[in-house]
Amino acid sequence: MEHPLAQFDFCPRCGAHGFAVHNVKSKQCPACGFTYYFNPSAATVAVIVNSHNELLVCRRAKDPARSTLDLPGGFIDSFETAEEGVSREVREETGLEVTQTDYLFSLPNLYPYSGFTVHTLDLFFRCRVADDSRYRAMDDAAELFFLPWEKINPREFGLASIRRGIERLLTQQGLHISGE
């Protein structure tokens, strides 16, 4: 596998050419000695279930994985907690106001963006919302709808970590994974 910083040849501190692999998770500048450690970006995923025990899913409006299924969520902003990030992303994509967040689990992911592979750590949260009937597709969501757990097929979800998360959630529900 290619080093995660392979696209970076110049030191971000002094601009010198020859920014070289230091170890599996860092590069070091031979001119100034600066070492940059590569860490994943934090992202959130919202698991919203209505009173009929159906999961809120969205259809992606943009690449990567445009037109595939997804769950609301996205990157956490600087100076934002994970709970604030998932609440903001839910509001931006669905118009829903999160009233409670409960951490479920995390999964690593590779997210292709603008020709660059972003390593992420996706934090899954069960989110309770004020009124689950007042949603509307906005921002990165082309469409939103509630889907009964029994009709969920993980292969319809375009991002690998979301697909693995859906499989885990289905197993926790005691359901057979569709499409197997």
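Refer to the structure presented above.
Described below are features of the structure shown in this document. Note that this is a predicted model, so its numbers are computed, not measured. (Residues numbered from 1 in each chain as written. Predicted model: local features only at pLDDT ≥ 70, side-chain atom pairs only at ≥ 80, totals over all residues. Heavy atoms only, no water.)

Considering the overall build of the chain
Phase 1 of the analysis: Per the secondary structure count, the chain includes 2 helices and 10 strands.
Phase 2 of the analysis: In sequence order, the secondary structure elements of the chain are arranged as β-β-β-β-β-β-β-α-β-β-β-α.
Phase 3 of the analysis: In terms of overall dimensions, the chain has a C-alpha envelope of 60 × 35 × 25 Å along the principal axes.
Phase 4 of the analysis: Here the chain holds 180 residues, and 40% of them are scored as buried.
Phase 5 of the analysis: Pairs at least 24 apart in sequence give 57% of the contacts found in the chain among residues at least 6 apart.
Phase 6 of the analysis: Carbon and sulfur atoms make up 49% of the accessible area of the chain, which amounts to about 9,800 Å² in all.
Phase 7 of the analysis: Positive and negative side-chain charges in the chain, numbering 18 and 24 respectively, have mean positions lying 3 Å apart. (Helix = DSSP H or I, 4+ residues; strand = E, 2+ residues; numbered from the N terminus. Buried < 20%, exposed > 50% of the residue type's maximum accessible area, 1.4 Å probe, protein only. Contact = heavy atoms within 4.5 Å. Areas by Shrake-Rupley, 256 points an atom, 1.4 Å probe, with all protein chains shown as cover. Lys, Arg positive; Asp, Glu negative; His and termini not counted. Charge placed at Lys NZ, Arg CZ, Asp CG, Glu CD.)

What to know about the packing of aromatic side chains
Phase 1 of the analysis: Tallied over the entire structure, the rule returns 5 aromatic pairs.
Phase 2 of the analysis: Ring centres of F8 and F116 lie 5.7 Å apart, and the angle between their planes is 80 degrees; on these two criteria the pair is classed as edge-to-face. Of this pair, F8 sits in the segment before β1 (20-23) while F116 sits in strand β9 (residues 116-129), and the two are 108 residues apart along the sequence.
Phase 3 of the analysis: According to the relative accessible area criterion, F116 is partly exposed, its value standing at 24%.
Phase 4 of the analysis: Consider the rings of Y103 and F125, whose centres lie 5.8 Å apart with planes at 75 degrees: the pair is edge-to-face. Of the two residues, Y103 is situated in strand β8 (residues 98-113) and F125 in strand β9; the sequence distance between them amounts to 22 residues.
Phase 5 of the analysis: Owing to a relative accessible area of 48%, Y103 belongs among the partly exposed residues under this scheme. (Phe/Tyr/Trp six-rings, centres within 6.5 Å; stacked < 30°, edge-to-face > 60°.)

Comments concerning the sheet that holds strand β10 (residues 141-148)
Phase 1 of the analysis: Pairing is antiparallel in the open sheet, where 3 strands are placed in the order β6-β5-β10. The open sheet terminates on both sides in strands that have one partner only, identified here as β6 (69-70) and β10.
Phase 2 of the analysis: In the sheet, strand β5 (residues 54-60) pairs with β10 via 7 bridges, with the strands oriented antiparallel. What sits directly across from L55, in β10, is L147. (Pairing = 2+ DSSP bridges.)

A short note on the nonpolar core
Phase 1 of the analysis: Judged by nonpolar contacts, the single largest core of 21 residues is most densely connected at L55, L71, I152, F157, I162 and I166.
Phase 2 of the analysis: Those elements that place two or more of their residues in this core are β4 (41-47), β5, β8, β9, β10 and α2 (160-172).
Phase 3 of the analysis: Here this core gets 4 residues from one element, more than from any other, and that element is α2.
Phase 4 of the analysis: Excluding anything up to four places from it in sequence, L71 contacts V45, A46, V47, L55, L56, V57, C58, F157, I162 and I166.
Phase 5 of the analysis: If you look at the next biggest cluster of nonpolar residues, it comprises 17 residues, including L56, C58, I76 and V98. (Core = buried A, V, L, I, M, F, W, Y, C linked by side-chain atoms within 4.5 Å.)

Some points on the sheet that holds β1
Phase 1 of the analysis: Across the sheet, 3 strands lie side by side as β1-β2-β3; this open sheet has antiparallel pairing. The open sheet terminates on both sides in strands that have one partner only, identified here as β1 and β3 (35-37). The average angle at which neighbouring strand axes cross in this sheet is 35 degrees, direction not considered.
Phase 2 of the analysis: Examined bridge by bridge, β1 and strand β2 (residues 26-28) share 3 bridges and lie antiparallel to one another. (Axes fitted to C-alpha atoms, helices over the stretch in contact; angles between N-to-C directions.)

Considerations on the layout of surface pockets
Phase 1 of the analysis: The computed volume of the largest pocket comes to approximately 470 Å³.
Phase 2 of the analysis: Lining the largest pocket are 26 residues, and of these R60, G73, G74, Y111 and D140 lie nearest its centre.
Phase 3 of the analysis: Of all elements in the fold, only β4, β5, β7 (73-75), α1 (82-94), β8 and β9 reach the threshold of two or more residues within the lining of the largest pocket.
Phase 4 of the analysis: Residues of the lining of the largest pocket, tallied by class, amount to 12 nonpolar, 5 polar and 9 charged. (1 Å grid on protein atoms, 1.4 Å probe; cavity = no way out; pocket = protein on both sides within 12 Å on 5 of 7 lines; lining within 4 Å. Points joined across faces, edges and corners; volume = space filled by probe spheres on them. Nonpolar A, V, L, I, M, F, W, Y, C, P; charged D, E, K, R; others polar.)

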